[in-house]
Amino acid sequence: MSLTPQNRIFPTEKGFLSIFDQIIIMLKVGILGGGQLGRMLLQAAANYPVETFVLENDENCPAAHLCHHFVKGDIRNFDDVYNFGKGLQALTIEIESVNDEALEKLEAEGVKVYPKPSALRTIKNKITQKKYYTEHGIPTAEYLVTDNLDGVRSRVDFLPAVHKIGTGGYDGKGVQIIRHKDDIEKGFDAPGVLEKMINVDKEIAQIIAVGAKGETAIYPPVDMVFDARLNLLDYQISPADLLQGLLWKVEAISVRVVKELKSPGIFAVELFVTKQGEVYVNETAPRVHNSGHHTIEANYSSQFDMLWRVILGYPLGNTEAILPGAIVNLVGAEGCNGEAHYEGLDEVLQMDNVFVHIYGKKDTKAGRKMGHVTIISREKQDLVYKAHKIKNTLKVISKEKAAELAAAAAAAAKAESQV
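Before going into details, it helps to say that this report is about the structure given with it. Since the structure is predicted, the reported quantities are computational estimates derived from the model, not experimental observations.

Rules used throughout
- Residues numbered from 1 in each chain as written.
- Predicted model: local features only at pLDDT ≥ 70, side-chain atom pairs only at ≥ 80, totals over all residues.
- Heavy atoms only, no water.
- Helix = DSSP H or I, 4+ residues; strand = E, 2+ residues; numbered from the N terminus.
- Rg over C-alpha atoms; globule rule 2.2 N^0.38 Å.
- Buried < 20%, exposed > 50% of the residue type's maximum accessible area, 1.4 Å probe, protein only.
- Areas by Shrake-Rupley, 256 points an atom, 1.4 Å probe, with all protein chains shown as cover.
- Lys, Arg positive; Asp, Glu negative; His and termini not counted.
- Charge placed at Lys NZ, Arg CZ, Asp CG, Glu CD.
- Core = buried A, V, L, I, M, F, W, Y, C linked by side-chain atoms within 4.5 Å.
- Contact = heavy atoms within 4.5 Å.
- Polar contact = N/O pair within 3.5 Å; in protein donor to acceptor, adjacent residues only side chain to side chain.
- Phe/Tyr/Trp six-rings, centres within 6.5 Å; stacked < 30°, edge-to-face > 60°.
- Lys NZ or Arg CZ within 6 Å of the ring centre and 35° of its normal.
- 1 Å grid on protein atoms, 1.4 Å probe; cavity = no way out; pocket = protein on both sides within 12 Å on 5 of 7 lines; lining within 4 Å.
- Points joined across faces, edges and corners; volume = space filled by probe spheres on them.
- Nonpolar A, V, L, I, M, F, W, Y, C, P; charged D, E, K, R; others polar.
- Disulfide = S-S within 2.5 Å.
- Axes fitted to C-alpha atoms, helices over the stretch in contact; angles between N-to-C directions.
- Parallel < 35°, antiparallel > 145°, perpendicular 65-115°, else oblique.
- Pairing = 2+ DSSP bridges.

**Describing the overall build of the protein**
Part 1 of the argument: When you go through the protein residue by residue, the secondary structure sums to 13 helices and 23 strands.
Part 2 of the argument: Scaling as 2.2 N^0.38, a compact globule of 419 residues should have a C-alpha radius of gyration of about 22 Å, and the protein matches this with 22 Å.
Part 3 of the argument: With respect to the principal axes defined by its C-alpha atoms, the protein has extents near 80 × 55 × 45 Å.
Part 4 of the argument: Expressed as a percentage of the 419 residues in the protein, the buried residues total 53%.
Part 5 of the argument: Split by element, the accessible area of the protein, about 19300 Å² in all, is 50% carbon and sulfur.
Part 6 of the argument: Side-chain charges in the protein split into 47 positive and 54 negative, and the spacing between the mean points of these groups amounts to 2 Å.

Set out below in structure tokens:
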């Protein structure tokens, strides 16, 4: 498709501009949230004609120093979001817990929102998200809607199951496995869904970009390996090891999920695959996602680059892999709270085809996402080996803990020298 003023137009204060005008005039784009996803989105923005704005409560957040304009405010507050967005031409999110009512008003007033507020409203609540799947014939685990913990207590017959809080869950929080009656009190005394537990063989993430006219670009799916204790992505490998028929099924179901939302943007669909070859949708994120971080180095167009293309109305990028990739999440170690120290960083930085991303968060705490490491290689065995080596080498601890370890090592060395 040729890029003509007729098929590539953008709203501005002076009317609609073509792609050629847009190269000269910077599009004012706001990001709701200033965490690591916003940070990586801003890093990709440097390649495009955009003037960036970030709304976030924390003035020291990872994205604060990379945007053109930082605005302190609450992304969950109507007035803060509305006042932030009303002078902009487009908005996007890095987390679902934003004020969608303000986004709806802004959209009605002509601000482009990615994803559309209607899609965000469907997805941000686990209850409406699950109902969306069943209403559109999308395979998902059998579930019950629970108003509170009594709703779980009354359905012991439904166990083993997974209880998910309706709103507010993020980064492994808001999810509890309830295998038997004794686990019920681990559930949430708030509206949520109780999902029948599936015997999972693989957990797959499928990222899909949707353009303004509904065109799609599909990334190679990834195998996800989770930390069972934190319920966080531990490491992943792309492309996923799937038979061709199963790959087609994963892609077809994922495309169905995003198409029915009728919204441009980037979507990450998480799926369960059983040994029998059944595929079930677990959850969907209407934004750039942890499972796509490897695309920065491993794919021709990263998920962050792709979202800017969607926002700007440019052609969708090439999702093909340059090389197979893996990522390892860097999370705060247990028992370490305080200013962050990256133990083993020097050793990891000397490894070939390894790319370290540190998010710039000053303080660490147990389970906090502090960075990730991407590995690229032609050989899957090399990816797995390096992923495990990095996981066992690079630790995010506190500076206080690092000082303790250094003192203990020095004392041990001194004692050995005196033997």
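**Here's the deal with the nonpolar core**
Part 1 of the argument: Val29, Val50, Ile266, Phe304, Met306, Trp308 and Ile311 are the most contacted members of the largest nonpolar core, which has 34 residues in total.
Part 2 of the argument: Listing elements by their share of this core, those giving two or more residues are strand S3 (27–32), helix H2 (36–45), strand S4 (50–56), strand S12 (202–210), strand S16 (265–273) and helix H10 (303–312).
Part 3 of the argument: With seven residues, H10 is the largest single contributor of residues to this core.
Part 4 of the argument: Contacts of Phe304, omitting those with residues within four sequence positions, involve Leu37, Met40, Leu41, Ala44, Val288, His293 and Ile296.
Part 5 of the argument: With 24 residues, the next largest nonpolar core counts Ile204, Ala240, Leu242 and Ile253 among its residues.

**Here's the deal with helix H6 (residues 126–135)**
Part 1 of the argument: Buried within H6 are the following residues: Lys126, Ile127, Gln129, Lys130, Tyr132 and Tyr133.
Part 2 of the argument: Contact partners of the buried residues in H6: helix H5 (117–124), strand S8 (143–146), strand S9 (161–165), strand S11 (192–196), helix H8 (244–261) and strand S17 (279–285).
Part 3 of the argument: The N-cap of H6, judged by a side-chain oxygen 2.8 Å from the amide nitrogen of Ile127 a few residues on, is Asn125.

**Things to note about the packing of aromatic side chains**
Part 1 of the argument: One pass over the full model with this rule turns up three aromatic pairs.
Part 2 of the argument: Positioned above the aromatic ring of Phe158, the side-chain terminus of Lys196 is 5.1 Å from the ring centre.

**Notes on empty space enclosed by the protein**
If you roll a probe as big as a water molecule over the atoms, it shows you where there is empty space left.
Part 1 of the argument: The full count for this structure, using the stated rule, is one cavity of 30 Å³ or more.
Part 2 of the argument: Together, Ala205, Ile207, Tyr219, Pro220, Val222, Ser291, His294 and Thr295 line the largest cavity.
Part 3 of the argument: By residue class, the composition of the lining of the largest cavity is five nonpolar, three polar and no charged.

**Thoughts on the state of the cysteines**
Part 1 of the argument: All chains considered together, the criterion is met by zero disulfides.
Part 2 of the argument: The thiol of Cys67 is unpaired, and the distance to the nearest cysteine sulfur, on Cys61, comes to 7.3 Å.
Part 3 of the argument: Note on Cys67: relative accessible area 12%, which makes it buried.

**What about the packing of H5 against H6?**
Part 1 of the argument: At their nearest, the axes of H5 and H6 sit 5 Å apart, and the two run at 100 degrees to each other. Taken together, the axes of H5 and H6 are roughly perpendicular relative to one another. Contact residues: Arg121, Thr122, Ile123 and Lys124 in H5; Lys126, Thr128, Gln129 and Tyr132 in H6.
Part 2 of the argument: Taken together, the residues of the contact of H5 with H6 break down into two nonpolar, three polar and three charged.

**A word on the sheet that holds strand S21 (residues 363–364)**
Part 1 of the argument: Here we have three strands laid out as an open sheet, ordered S21-S19-S23, and antiparallel in their pairing. Of all strands in the sheet, those with a lone pairing partner are S21 and strand S23 (395–398), marking the two edges.
Part 2 of the argument: In terms of strand pairing, strand S19 (residues 338–343) meets S23 through four bridges, oriented antiparallel. Its bridge partner lying in S23, Tyr342 is registered against Val396.
Part 3 of the argument: Sheet strands touched by helix H13 (residues 399–417): S19 and S23. Its angle to S23, the strand with the most contacts, is close to 95 degrees.

**Notes on the sheet that holds strand S5 (residues 69–72)**
The strands that make up a sheet pair up through hydrogen bonds in the backbone, lying either parallel or antiparallel.
Part 1 of the argument: Reading across the sheet, the five strands line up as S5-S4-S3-S6-S7 and stay open at both edges, with parallel pairing between neighbours. Because the sheet does not close on itself, it has two edges, and the strands there are S5 and strand S7 (112–114). Direction aside, neighbouring strands of the sheet carry axes that sit 20 degrees apart on average.
Part 2 of the argument: Pairing of S3 with strand S6 (residues 90–93) involves four bridges; the strand directions are parallel. Bridge pairing in S6 places Gly30 opposite Leu91.

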